[in-house]
Amino acid sequence: MALQPLKRMFALYMESDEESDKEPPQHIKDVLVNVHSCYPAMNFPQYADKLKDHGLLYLPTAAHFGVRFYEEKVGMPEGAAYTFQSCVSKMYMKAELVKGRRKAKGKRKVRAQPDDEDEENIPPTR
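All of these numbers come straight from a predicted model, not from anything done at the bench.

As for the layout of surface pockets
Then, number 1: As a volume, the second largest pocket reaches approximately 180 Å³.
Then, number 2: Of all the secondary structure elements, the ones that give two or more residues to the lining of the second largest pocket are helix H2 (28-38) and helix H6 (78-104).
Then, number 3: Per-element tally for the lining of the second largest pocket: the top contributor is H6, with six residues.

Quick notes on the state of the cysteines
Then, number 1: Considering all chains together, one arrives at zero disulfides under this definition.
Then, number 2: Cys87 supplies the cysteine sulfur nearest to Cys38, a cysteine that is in no disulfide, at a spacing of 6.1 Å.
Then, number 3: Taking the relative accessible area as the measure of exposure, Cys38 reaches 53% and is therefore exposed.

Considering the pattern of salt bridges
Then, number 1: All told, the structure shown has two salt bridges when counted by the stated rule.
Then, number 2: In this structure, Glu72 and Arg68 form a salt bridge, with 2.9 Å as the shortest nitrogen-oxygen distance. Within this pair, Glu72 and its partner Arg68 are both found in helix H5 (residues 67-72), separated by four residues, close to a single helical turn.
Then, number 3: By relative accessible area, which is 60% here, Arg68 ends up exposed.
Then, number 4: Residue Lys99 is joined to Glu96 by a salt bridge in which the shortest nitrogen-to-oxygen separation is 3.2 Å.

Looking at the environment of Pro25
Then, number 1: Along the polypeptide, Pro25 turns up in the loop between helix H1 (18-21) and H2.
Then, number 2: Classification of Pro25 by relative accessible area gives partly exposed; the value is 42%.
Then, number 3: C-alpha separation for the pair Pro25 and Leu57, spaced 32 residues apart in sequence, amounts to 9.4 Å.
Then, number 4: In this structure, Pro25 is in contact with Tyr58 and Pro60, ignoring residues within four places of it in sequence.

Thoughts on the nonpolar core
Soluble globular proteins tend to bury their nonpolar side chains together.
Then, number 1: In this structure, Val31, Phe44, Leu51, Tyr70, Met76 and Phe84 are the most contacted members of the largest nonpolar core, which totals 23 residues.
Then, number 2: Among the secondary structure elements, those contributing two or more residues to this core are H2, helix H3 (48-53), helix H4 (59-62), H5 and H6.
Then, number 3: Leave out the neighbours within four places in its chain, and Phe44 touches Leu32, Val35, His36, Tyr39, Met76, Ala80, Thr83 and Phe84.

Considering unusual backbone geometry
Then, number 1: For Asn43, which is not glycine, the phi dihedral falls at a positive 50°.
Then, number 2: With a relative accessible area of 34%, Asn43 lands in the partly exposed category.

Side note on the packing of H2 against H6
Then, number 1: Here H2 crosses H6 at 115°, and the two axes come no closer than 11 Å. As summarised for this structure, H2 and H6 are arranged roughly perpendicular, according to the angle between their axes. Crossing handedness for the pair H2 and H6: right-handed. Facing Ile28, Val31, Leu32, Asn34 and Val35 of H2, the residues of H6 in contact are Phe84, Cys87, Val88 and Met91.
Then, number 2: Class assignment for the residues of the contact of H2 with H6 results in eight nonpolar, one polar and no charged.

Definitions and limits used
Residues numbered from 1 in each chain as written. Predicted model: local features only at pLDDT ≥ 70, side-chain atom pairs only at ≥ 80, totals over all residues. Heavy atoms only, no water. 1 Å grid on protein atoms, 1.4 Å probe; cavity = no way out; pocket = protein on both sides within 12 Å on 5 of 7 lines; lining within 4 Å. Points joined across faces, edges and corners; volume = space filled by probe spheres on them. Helix = DSSP H or I, 4+ residues; strand = E, 2+ residues; numbered from the N terminus. Disulfide = S-S within 2.5 Å. Buried < 20%, exposed > 50% of the residue type's maximum accessible area, 1.4 Å probe, protein only. Salt bridge = Lys/Arg side-chain N within 4 Å of Asp/Glu carboxyl O. Contact = heavy atoms within 4.5 Å. Core = buried A, V, L, I, M, F, W, Y, C linked by side-chain atoms within 4.5 Å. Axes fitted to C-alpha atoms, helices over the stretch in contact; angles between N-to-C directions. Parallel < 35°, antiparallel > 145°, perpendicular 65-115°, else oblique. Left-handed = near helix turned anticlockwise from the far one by under 90°. Nonpolar A, V, L, I, M, F, W, Y, C, P; charged D, E, K, R; others polar.

Here it is as structure tokens:
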């Protein structure tokens, strides 16, 4: 006996697997390399160890600090601190927008083919 396709239209919403959709935050070394590629004269990779010493290991953490912190604690010159903080903020905002879009698309609609109602698709009545 061959299986018949469903004759009613059903919508099934499935949550996407958050573990597979979730990307790890960008590591601070990658952030430094990225900013350095735009501003090579400022030599941002030299600050990797100082940032790590202050617990800044990932982009989301670095985005929460201001220019003054990068000047006083990390030892960046004023211009480099402004440039770094600006780039980090933009990178973080882009990452958050991507995450928001991914969440919005997290539910997928799966539909069976619409057709006439059939007895086998009607729930039993009691």
